[in-house]
Structures are given as structure tokens and as C-alpha cells.
Amino acid sequence: MIMKIKKAVFPVAGLGTRFLPTTKAMPKEMLPVVDKPIIQYAVEEALASGIEQIIFVTGSGKGALEDHFDKNQNLEKTLRDRGKTELLHTVESVVPSKAQIVYTRQSEPLGLGHAIWCARDIVGDEPFAVLLADDLIQSDVPVLYQMINEFDRLRASMMAIIEVLPDETDKYGIIEAEKAFNGTMVINSMVEKPKPENAPSNLAVIGRYILTPRIFKHLGKLKKGAGNEIQLTDSMSALLKEQPIFGYKFKGTRFDCGDKAGFQLANLAFALERPEMREKLIPDLKVLLSQMGELAN
Ligand code: G1P
């Protein structure tokens, strides 16, 4: 029987220390890109890709995230009474109408592999997706949708891949892959955050995965790896000895919202996509850049 990808796991327990003090009392996933929290982009991508169950793996201090994806009766009533129909629709549409949201907790920050393992009973025995909201992607076709299409053909685990600069390999899981067809690669090995001199390539994994449930067998060993954390990459390496795993070069532009500069660039890119903002931003940016150039001279 061919199984559809219906469930998506969102690890959202991270502390967001890179964005302190903003993230002192606010989940990093709630940082806005233009006017929507980062996490909402990832959830919308999943919903547009046919996902029916959103599984958040949260931690302490993530209440705002839970409230965001729930109805806010008071706010909706006020907007309705004031005739603010468009805003009312914006607010209402945050809560998925067809998909279910489920929460579980990762009580200790033991790593990405551990976060996914925390969702094992909710996922059960079926292939599932994992989305890391920090990796924000601008694309015509949602990246998870592109990957699910490939999964339907290959029926195997798969990870989204980008090329990174050789000196950036220690920020990512890096793969060594063989041949490519239609942007899909056969992975031979992978390693978490290797130093540039030890990296097998400059092909980096970014936060979109489709995993077979067998991954839980390996995650369950709870073995610590790079950074003394339970790494997903290590369990995928173990899985690779039993099943093929593919790398997928998606169509789209990825922004690293876990990084301050990447987050600012994402804000600019998504703002420039909106005609009304683009019209104002481009001339203002030109002025700003030329003023900065003058200052530098
Ligand atoms: C995680 C993964 C890493 C992957 C990266 C993509 O690392 O462990 O393999 O390349 O996400 O964003 P993190 O960024 O959580 O340190």
C-alpha cells in the first residue's frame, strides 16, 4: 500500500540564544518576517503540501506559539464588531481549518535527533516530514510539495540539499553523494558539521526532510554526537546502511533565519515580493546604500 505523507514534525523547543534579548520572553519561531512569524511560513508550506497533522515538539516558554495557532475569540470579536473584515480573515486563517495540531514536549535540549524522537508515538509507523522553521524558503512551488512528489517516485528518505561555501561546512550536515537525476542525488555518507578540511563536499542538508519510520529505531539509541547532542544526521547515517537515502536539490531560495544577517535578508526578500512594499523599498534602499557608500569613502 502506498502511504501518503500526512504528518509533519516541527522541532520548536530551541532557545534562540542568537537573538537574545528579543528571545528572552518570546519564542524565536515567533520573530516576524515582514508581518508573519517564521513558524507560520513553515506551517503554511506543510499545509500547501498536503500535510494533515502538524506535530510541534515544544519546550518551556513556547506559549505564544501555541496561542498563535489557536483561535483568539476576543480579538476576532473586536475585529468583527469594528468591521475589519480583511484583518479578521488574516487572523482566522492562521488556524488550520483542515489539519490537526498536536503538541508534545522536549523537556531537555538534547539535540535535533532527540526532538524528533520525542514525536515517535504521534508519528507511529508511517513516513513523515520534518521542517526546521529557521530554514525559510522562497519558492514558486512549496519545497515540501516538491519533495513529496519525489518521495512518491522513490519511496525512500530524503533531505533537501543546497551548495554552501567551502568554509561554511561546519554549520551543516554535509553529504557525500553519487549521481544526480532531476536534482536528486544518491547519498553515500553524511557527517554533522565537519570542519572544512574534513568535509566530503560542499553539499549541505537544510531543514526539510522526509523520513521513513525506521529512523526511530536509530534515534532511540539516544547516542550523542557532534556538540554533545543527539544528532539526526548520525541516525540517518545508520539508516543509510539499511535503506537508500536521497538528497534533493529543490527549486527555491533558502534563507537562514537562525542567523541575524540571514534573518534580515529574509525580511528584505519577502518584503520585496510584495508589490506595495517593493515600490517604496527599492528607491529607499538605493538612497540608503549610496549614503552608506558616501560615508565609507
Ligand atoms: C541542523 C542539522 C544540520 C542541518 C541544519 C540545517 O543543524 O543538525 O544537519 O544542516 O539543521 O539548518 P542546526 O542548524 O540545528 O545546528
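Just above sits the structure.
Residues numbered from 1 in each chain as written. Predicted model: local features only at pLDDT ≥ 70, side-chain atom pairs only at ≥ 80, totals over all residues. Heavy atoms only, no water.

Novice: What am I meant to see in the nonpolar core here?
Specialist: General note: in soluble globular proteins, nonpolar side chains tend to be found buried as a group. In this structure, Phe10, Ile39 and Phe56 are the most contacted members of the largest nonpolar core, which totals 50 residues. Not counting chain neighbours up to four residues away, the residues in contact with Phe10 comprise Ile39, Ala42, Val43, Ala46, Ile54, Ile55, Phe56, Val57 and Leu131. Among the nonpolar cores identified, the runner-up in size contains 31 residues, and Phe128, Met185, Leu219 and Leu232 belong to it. (Core = buried A, V, L, I, M, F, W, Y, C linked by side-chain atoms within 4.5 Å. Buried < 20%, exposed > 50% of the residue type's maximum accessible area, 1.4 Å probe, protein only. Contact = heavy atoms within 4.5 Å.)

Novice: Before we go on, may I ask you to explain the packing of helix H3 (residues 73-81) against helix H4 (residues 85-92) in this structure?
Specialist: The description of two packed helices rests on the angle between their axes and on the distance between the axes. The interhelical angle for the contact between H3 and H4, taken along N-to-C directions, is 160°, at an axis separation of 8 Å. Relative to H4, the element H3 lies roughly antiparallel. Both H3 and H4 take part in a crossing whose hand is left-handed. Side by side, H3 and H4 meet where Leu75, Glu76, Leu79 and Arg80 of the first sit next to Leu87, Leu88, Val91 and Glu92 of the second. Split by residue class, the contact of H3 with H4 holds five nonpolar, no polar and three charged. (Axes fitted to C-alpha atoms, helices over the stretch in contact; angles between N-to-C directions. Helix = DSSP H or I, 4+ residues; strand = E, 2+ residues; numbered from the N terminus. Parallel < 35°, antiparallel > 145°, perpendicular 65-115°, else oblique. Left-handed = near helix turned anticlockwise from the far one by under 90°. Nonpolar A, V, L, I, M, F, W, Y, C, P; charged D, E, K, R; others polar.)

Novice: Would you mind showing me how to read the environment of Glu76 here?
Specialist: Among the secondary structure elements, Glu76 is positioned in helix H3. Note: C-alpha distance between Glu76 and Gly14 (62 residues apart in sequence) is 30 Å. The contact partners of Glu76, leaving out residues within four places of it in the chain, are Lys71, Leu88, Val91 and Glu92.

Novice: Help me understand the side chain of Lys62 in this model?
Specialist: Considering the arrangement of structural elements, one finds Lys62 in the loop between strand S4 (53-58) and helix H2 (63-68). Under the relative-accessibility criterion, Lys62 is labelled buried at 4%. At a separation of 2.7 Å, a polar atom in the side chain of Lys62 contacts the main-chain carbonyl oxygen of Gly14. (Polar contact = N/O pair within 3.5 Å; in protein donor to acceptor, adjacent residues only side chain to side chain.)

Novice: Can you help me understand the side chain of Asp135 in this one?
Specialist: Structurally, the position occupied by Asp135 is in strand S7 (residues 135-138). A relative accessible area of 7% means that Asp135 is categorised as buried. The contact partners of Asp135, leaving out residues within four places of it in the chain, are Ile206, Gly207, Arg208, Arg254 and Phe255.

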